[in-house]
Amino acid sequence: MDWKQEWKKLLLIAAVFLVAYFLPVGSARFQNAVLESFHLVRWYAREHVLLCLIPAFFIAGAIAVFINQAAVMKYLGGQAKKVVAYGVASVSGSVLAVCSCTVLPLFSGIYRMGAGLGPAVAFLYAGPAVNILAIILTARILGLELGIARAIGAVVFSIVIGVMMQLIFRKEEGERQKIQMAMPDTDEGRPLWQNGLYFASLAGILIFANWGKPMHDHGLWNAIYQSKWLITAVFAVGLGAMLVSWFKLRWWKILIAAIPVILFAILLPEQPVFAFSAGVLALSLVLVFGKGEGAEWFNSSWDFARQILPLLLFGVMVAGLLLGRVGQEGLIPSSWIDRAVGGNSLLSNFFASFAGAFMYFATLTEVPILQGLIGNGMGKGPALALLLAGPALSLPNMLVIRSVMGTKKTVVFVGLVIVMATISGYLFGLFFS
Amino acid sequence: MDIKILGANCTKCEQLKANTIKAVQELGLGIEVEKVVDLDKIVSYGVMTIPALVIDEKVVSVGKVLTVEKVKEFIGKER
């Protein structure tokens with residue numbers, strides 16, 4: 001027996017035993033928290049998975065496959081104009097990066113052989129916040145306001161932080177390596193307008209299928225709400241037509257795929273979820289058994305779903321256990337949260353961004369956790385502060401960043417992120433509370 | 001012949017490595033497939049999107065999970 005290897009397992013088993021031994025079964029708070037956890041999981045499953053997350057995965061998959069990444073990375077190269085590089089770095093996370101495992105190689109690449117420290121840092125900071133899945137889920141669950149504030153805040157402050165890093169460390173520039181960037185080879189894609197229409201049809205399906213009931217029973221928003229499934233169907237038909245004419249899918253396959261959708265729409269008009277699910281399922285089957293671009297699209301969407309869904313389920317369960325649903329309590333008493341990050345004081349903003357910077361959030365799990373915190377009295381300002389500092393940084397990824405750009409720069413970067421997140425959270429809390 | 005996979009901590013990298021090992025076996029080459037996880041080293045190949053396939057120190061594919069057939073094709077070309 002090799003005890004140099006085995007002791008970790010022993011420690012783990014001992015820890016599990018201790019937890020089991022002292023498991024507070026029977027305590028009202030614990031039992032309530034477990035129930036809360038299941039309630040929250042069911043709520044996510046019913047309200048967010050079919051109509052929101054699944055279309056979002058299809059969009060993320062489409063971005064990964066059909067957007068010409070080499071064209072974007074060209075603007076982050078060594079010869080790129082500085083102003084352009086900052087701009088592109090701050091928004092390109094939406095097409096280049098969906099999980100942190102792709103952010104870090106891109107970051108070190110931009111730093112070492114591309115546009116340099118400033119744009120690299122801008123990309124590192126903005127990437128996790130502007131990725132398409134994060135924006136969709138944040139807006140859907142935490143509200144449109146916070147979703148937009150998160151995206152805009154991340155873009156603006158990434159540029160500010162990037163420029164400041166460049167200014168602070170301007171003497172150390174020039175040690176960049178002269179290596180040719182190896183670009184991902186992309187086949188000659190469709191013309192831009194075709195891609196644009198294709199993405200518009202996907203976005204249209206996502207937006208209108210999720211159109212919420214407005215507060216008043218009249219006006220434009222309500223008119224849209226009343227006919228949201230009709231609008232969604234129009235976008236879906238458009239998507240089908242594009243798949244046939246540009247993606248070379250057989251027209252009769254799309255037609256067969258449409259039959260169950262139409263049947264469900266006619267037979268169960270009160271339950272549009274059935275027709276929608278049938279559509280998703282039929283589309284998936286057509287893509288999987290097809291060849292070429294369609295299959296690639298589905299594979300990459302599936303890749304995202306497979307990586308992110310288990311993490312999200314785990315995140316939702318933990319958030320439910322610790323924090324409960326909105327208006328309920330989990331294991332952590334609301335009063336603690338209110339004391340730490342309630343209201344909108346500078347201190348609670350600072351606490352939120354500091355804690356967020358060091359804590360590790362798996363992709364997208366920041367959303368259910370934040371929802372729990374807000375439900376327990378966290379202010380909107382500190383919530384934004386945590387959203388801006390959290391996903392971009394964590395203790396493990398600080399260590400990787402340090403190995404790329406050294407201790408001094410990492411410390412300054414982390415400091416800047418915490419300060420900027422605190423300030424922007426504070427300002428957001430002042431205007432929107 | 002020397003074959004490396006560049007990439008750390010991602011499922012796509014594992015898939016590419018598995019496919020490459022399979023391709024090497026099917027071709028009967030009997031060589032080890034090395035996995036490079038160090039970010040510094042990965043970047044020194046000029047690679048920013050992982051996983052990447054490197055044959056004899058030449059980057060042949062970036063940011064893609066290649067099928068076994070595709071890997072065989074690349075190996076054939078470099079031989």
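The structure displayed is predicted, hence computed values, not measured ones. (Residues numbered from 1 in each chain as written. Chains lettered and ligands numbered in written order. Predicted model: local features only at pLDDT ≥ 70, side-chain atom pairs only at ≥ 80, totals over all residues.)

Draft legend 1. Quick look at the overall build of chain B. Looking only at helices and strands, chain B has three helices and four strands in total. Element order for chain B, N to C, with α for helix and β for strand: β-α-β-α-β-β-α. Relative to the 2.2 N^0.38 estimate, which gives 12 Å for 79 residues, the radius of gyration of chain B is 11 Å and therefore close to what a compact globule would have. Taken along its principal axes, the extent of the C-alpha atoms in chain B is 30 × 25 × 20 Å. Contacts in chain B between residues at least 24 apart in sequence constitute 56% of all its contacts with a sequence separation of at least 6. (Helix = DSSP H or I, 4+ residues; strand = E, 2+ residues; numbered from the N terminus. Rg over C-alpha atoms; globule rule 2.2 N^0.38 Å. Contact = placed C-beta atoms within 7 Å.)

Draft legend 2. How the structure looks around the overall build of chain A. Check the secondary structure of chain A and you find 21 helices and zero strands. Relative to the 2.2 N^0.38 estimate, which gives 22 Å for 433 residues, the radius of gyration of chain A is 23 Å and therefore close to what a compact globule would have. With respect to the principal axes defined by its C-alpha atoms, chain A has extents near 65 × 65 × 60 Å. The proportion of buried residues among the 433 residues of chain A is 43%. (Buried ≥ 20, exposed ≤ 12 C-beta atoms within 10 Å, placed from the backbone.)

Draft legend 3. The arrangement of the packing of helix H10 (residues 192-209) of chain A against helix H12 (residues 228-245) of chain A in detail. All names here are of chain A. Between H10 and H12, whose axes approach to 9 Å, the crossing angle comes to 155 degrees. Judged by the angle between their axes, H10 and H12 are roughly antiparallel. In the packing of H10 onto H12, the handedness of the crossing is left-handed. Contact residues: Leu197, Tyr198, Ser201, Leu202, Gly204, Ile205, Phe208 and Ala209 in H10; Lys228, Ile231, Thr232, Phe235, Ala236, Gly238, Leu239 and Met242 in H12. A breakdown of the residues in the contact of H10 with H12 according to their chemical character gives eleven nonpolar, four polar and one charged. (Axes fitted to C-alpha atoms, helices over the stretch in contact; angles between N-to-C directions. Parallel < 35°, antiparallel > 145°, perpendicular 65-115°, else oblique. Left-handed = near helix turned anticlockwise from the far one by under 90°. Nonpolar A, V, L, I, M, F, W, Y, C, P; charged D, E, K, R; others polar.)

Draft legend 4. Representation of the packing of helix H8 (residues 132-142) of chain A against helix H9 (residues 144-168) of chain A in the model. Residues and elements named next belong to chain A. Closest axis-to-axis distance for the H8/H9 pair is 6 Å, and the angle between their directions is 150 degrees. The orientation of H8 relative to H9 falls into the category roughly antiparallel. Residue-level inspection shows Ile135, Thr138, Ala139 and Leu142 of H8 in contact with H9, the latter providing Leu144, Leu146, Gly147, Arg150 and Ala151. Considered class by class, the residues forming the contact of H8 with H9 number six nonpolar, two polar and one charged.

Draft legend 5. Seen up close, the environment of Val34(A). The topology assignment puts Val34(A) in helix H2 (residues 28-66). Look at Val34(A) and you get partly exposed, because 15 C-beta atoms sit within 10 Å.

Draft legend 6. A look at the nonpolar core. All names here are of chain A. Counting residues in hydrophobic clusters, the biggest one holds 133 residues, and the most contacted among them are Ala389 and Val417. Looking at which element gives the most residues to this core, the answer is H2, with 13 residues. Once you skip the residues sitting within four places of it in the chain, alanine 389 turns out to touch Ser353, Gly356, Ala357, Val417, Ile418 and Ala421. (Core = buried A, V, L, I, M, F, W, Y, C linked by C-beta atoms within 7 Å.)

Draft legend 7. Local environment of the environment of Gly425(A). Residues and elements named next belong to chain A. Relative to the elements of secondary structure, glycine 425 occurs in helix H21 (residues 407-431). Between the C-alpha atoms of glycine 425 and leucine 384, which are 41 residues apart in sequence, the distance is 5.2 Å. If near-sequence neighbours (up to four positions away) are discounted, glycine 425 is found in contact with Asn349, Ala352, Ser353, Gly381, Pro382, Leu384, Ala385 and Leu388.

Draft legend 8. The arrangement of H10(A) in detail. Residues and elements named next belong to chain A. Between its first and last C-alpha, H10 extends 26 Å over 18 residues, near the 26 Å set by a 1.5 Å rise per residue. Those residues of H10 not exposed but buried are Ser201, Leu202, Ile205, Leu206, Phe208 and Ala209. Here the buried face of H10 lies against H2, H12 and helix H14 (272-289). (Expected span 1.5 Å × (residues − 1).)

Draft legend 9. Region of the structure containing the sheet that holds strand S2 (residues 33-36) of chain B. Residue and element names in this part refer to chain B. Taken in spatial order, the four strands make up an open sheet running S2-S1-S3-S4, and their pairing is mixed. For this open sheet the edge positions go to S2 and strand S4 (58-62), each flanked by a neighbour on one side alone. When strand polarity is set aside, the average angle formed by the axes of neighbouring strands in this sheet is 25 degrees. Relative to strand S3 (residues 52-55), strand S1 (residues 3-6) is paired through four bridges, and the arrangement is antiparallel. Of the residues in S3, the one forming a bridge with isoleucine 3 is isoleucine 55. Here helix H1 (residues 11-27) sits on the sheet and contacts S1, S2 and S3; the angle it forms with S1, its principal contact strand, is near 165 degrees. Here helix H3 (residues 68-78) sits on the sheet and contacts S3 and S4; the angle it forms with S3, its principal contact strand, is near 30 degrees. (Pairing = 2+ DSSP bridges.)

Draft legend 10. Quick peek at unusual backbone geometry. Between Ile50(B) and the following residue, Pro51(B), the backbone shows a cis peptide bond with an omega angle of 0 degrees. Among the secondary structure elements, Pro51(B) is positioned in the loop between helix H2 (39-44) and S3. Backbone geometry places Lys248(A), a non-glycine residue, at a positive phi of 60 degrees. Along the polypeptide, Lys248(A) turns up in the loop between H12 and helix H13 (251-267). Of note, Glu57(B) is a non-glycine position whose phi angle comes to about 65 degrees, a positive value. Relative to the helices and strands, Glu57(B) resides in the loop between S3 and S4. Among the residues examined, Glu57(B) registers 8 C-beta atoms within 10 Å and is labelled exposed.

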